[in-house]
Amino acid sequence: MVSQKLFDALPSFPDVLTADVPKFSLSRLSSGDSAYAHKVFETCCTTGFFLLEMGDDMVKEIDAMFDISNNVFDLEIEEKIRYAQNASKGKFTGWKDVGIMKTDSGAPDRCEFYAFAQDEILGITSLPHPDAIQSHRSAISSFLRHAHSIITRILSILDTGLGLQCGTLASLVSQERTSATLLRLIRYAPQPLLDRRTSLLRHTDLGAITFLCSVLGGLQILTPGSDPTDETAWRYIRPEPNCAIINIGDALVEWSGGILRSNMHRVTYAPGAQADCTRYSIAYLVRGNNDVSMKRLHSEKIPSAADDGDVEMDVLCGDWQINKSKALTAGADCARSRGGRDLRPVLKVS
Ligand SMILES: O=C(O)CCC(=O)C(=O)O
Ligand SMILES: [Fe+2]
């Protein structure tokens, strides 16, 4: 998640139980080492989460995004309101105040968002934003291009593991065609000592794959196969300098017939002394192009829906994204993912 400098400025992550999430390096992953690439693929099938250590160039771009994020959240409330999201109308870009969404218990969320669509930043569509963003459009678009090139590298490893032609998965999340891909800036204020709880409800990411950066702890994943209501099954991920967190989303689970895993996660207060600090995170949520189906892809490694006695997810990514985003706002994740193979819509949202 960012440079050592940003980590040094905050209390360190304490000695608490953490999730078993492997760390890979981007340079090694790009070196053509097929055994290493296979480990990445296996992780995407089992945990669905890993840390990715990046080079200085990307780390600098991420630090710059955190500066932009600070400026955006420091804007006056009147200015933020002008760019408010409107979930009931399907507008998930712009500003979301604390408490608009629900958590699992039905209580209001404890996080503030500012989100922009990749399509706007790269010029496919256009929407107004505050100056704190407009004046940094080139840094933001450079970050999006760079992060997307890293994602493309990971997708090509998944192509190989799934027996797909190289470039297949990247073609479903193209930056040249419309999608609901978002860059979401998030701020979590410290919570009162006697009233600490989940800030962002448990969910699986609805898109294909996520590139996430943060310095403080607070993100937890559910131990695969566990019941989400079992509090002991939730484990913190320990953020590390120069690393992003990569996680698989629902679209990749569907396209791969459940071979890949989108693991359930949530955000709660940061552990130890970190709980007294404001937590920022940056999530690049890469989603399928709007006109791409969620149906399974064909390869000798991907079982067909008929093989599994299953019904195809016959919905376009664009529609799936709107429905699931509305459900998440209302405090319900409309899909369960326990090991990938049994991801099913369980709640229909109009
Ligand atoms: O803030 C975080 O660390 C996680 C955010 C997240 O899970 C999301 O935006 O989907
Ligand atoms: Fe998420």
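All values reported here derive from a predicted model rather than from experimental measurement.

Asks: What should I look at first to understand helix α4 (residues 56-73) in this one?
Replies: Since one α-helical turn is 3.6 residues long, residues separated by three or four positions face the same way. Relative to the 26 Å expected for 18 residues at 1.5 Å per residue, α4 spans 26 Å between its end C-alpha atoms, a close match to the ideal helical length. Turning to α4, its buried residues number three or more, namely M58, V59, E61, I62, D63, M65, F66, I68, S69, V72 and F73.

Asks: What's the story with the site of ligand 1 in this structure? I'm lost.
Replies: Around ligand 1 lies a shell of 14 residues, among which R184, Y188, H203, R279 and S281 are the nearest. Between an oxygen atom of ligand 1 and a side-chain N or O atom of R279, the distance comes to 2.9 Å. Here ligand 1, which alone exposes 300 Å², has 98% of that area covered by the protein. Those elements that place two or more of their residues in the shell around ligand 1 are β5 (182-188), β6 (200-203), β11 (265-267) and β12 (279-286). No other element matches the four residues that β12 contributes to the shell around ligand 1. Here the shell around ligand 1 is built from residues that sort into eight nonpolar, three polar and three charged.

Asks: How should the packing of helix α3 (residues 34-46) against helix α8 (residues 137-162) be read in this particular structure?
Replies: The description of two packed helices rests on the angle between their axes and on the distance between the axes. For the pair α3 and α8, interaxial distance at closest approach is 9 Å and the crossing angle is 85°. Our classification of the angle between α3 and α8 gives roughly perpendicular. Two secondary-structure elements touch here, α3 through A37, V40, F41 and C44 and α8 through I157, L158, G161 and L162. A breakdown of the residues in the contact of α3 with α8 according to their chemical character gives seven nonpolar, one polar and no charged.

Asks: How should I be thinking about the UniProt feature "domain: Fe2OG dioxygenase" (unreviewed entry) in the protein chain in this particular structure?
Replies: Mapped onto the present numbering, the UniProt feature "domain: Fe2OG dioxygenase" (unreviewed entry) falls on residues 178-288. Helix and strand shares over residues 178-288 are 5% and 37% respectively, and the end C-alpha atoms of the span are 9 Å apart.

Asks: Please explain the coordination of the iron ion (ligand 2) as it appears in this structure.
Replies: Put simply, a metal with four donors set out as a tetrahedron has ideal angles of 109.5 degrees, and one with six donors set out as an octahedron has ideal angles of 90 or 180 degrees. Distances from the iron ion (ligand 2) to its protein donors, H203 (NE2), D205 (OD) and H265 (NE2), fall within 2.1 to 2.2 Å. Donor residues binding the iron ion (ligand 2) come from one chain and are separated in sequence as H-x1-D-x59-H. Of this pair, D205 sits in the loop between β6 and β7 (209-214) while H265 sits in strand β11, placing them 60 residues apart in sequence. With relative accessibility at 8%, the residue D205 sits in the buried group. On the basis of relative accessibility, which here comes to 5%, the residue H265 falls in the buried class.

Asks: Explain the packing of aromatic side chains here, please?
Replies: The relative placement of two aromatic rings is captured by the distance of their centres and the angle of their planes. Overall, the coordinates contain seven aromatic pairs when judged by the stated rule. Taking 6.3 Å as the distance between ring centres and 45° as the angle between the ring planes, the aromatic pair formed by F73 and Y280 counts as tilted. Placement of the pair is F73 in helix α4 and Y280 in strand β12, with a sequence separation of 207 residues. Given a relative accessible area of 2%, F73 falls into the buried group. Taking the relative accessible area as the measure of exposure, Y280 reaches 18% and is therefore buried. Where Y114 meets F116, the ring centres are 5.9 Å apart and the plane angle is 55°; that geometry is what we call tilted. Just as Y114 is buried, F116 falls in that class too. Of the aromatic side chains, those joined through ring pairs into one cluster are F24, Y36 and F50.

Cut-offs applied
Residues numbered from 1 in each chain as written. Chains lettered and ligands numbered in written order. Predicted model: local features only at pLDDT ≥ 70, side-chain atom pairs only at ≥ 80, totals over all residues. Heavy atoms only, no water. Helix = DSSP H or I, 4+ residues; strand = E, 2+ residues; numbered from the N terminus. Expected span 1.5 Å × (residues − 1). Buried < 20%, exposed > 50% of the residue type's maximum accessible area, 1.4 Å probe, protein only. Near = heavy atom within 4 Å. Polar contact = N/O pair within 3.5 Å; in protein donor to acceptor, adjacent residues only side chain to side chain. Areas by Shrake-Rupley, 256 points an atom, 1.4 Å probe, with all protein chains shown as cover. Nonpolar A, V, L, I, M, F, W, Y, C, P; charged D, E, K, R; others polar. Axes fitted to C-alpha atoms, helices over the stretch in contact; angles between N-to-C directions. Parallel < 35°, antiparallel > 145°, perpendicular 65-115°, else oblique. Contact = heavy atoms within 4.5 Å. UniProt positions renumbered as here; feature names shortened; annotations may be inferred. Donors = N, O, S within 2.8 Å, 3.2 Å for Na, K, Ca; no water. Phe/Tyr/Trp six-rings, centres within 6.5 Å; stacked < 30°, edge-to-face > 60°.

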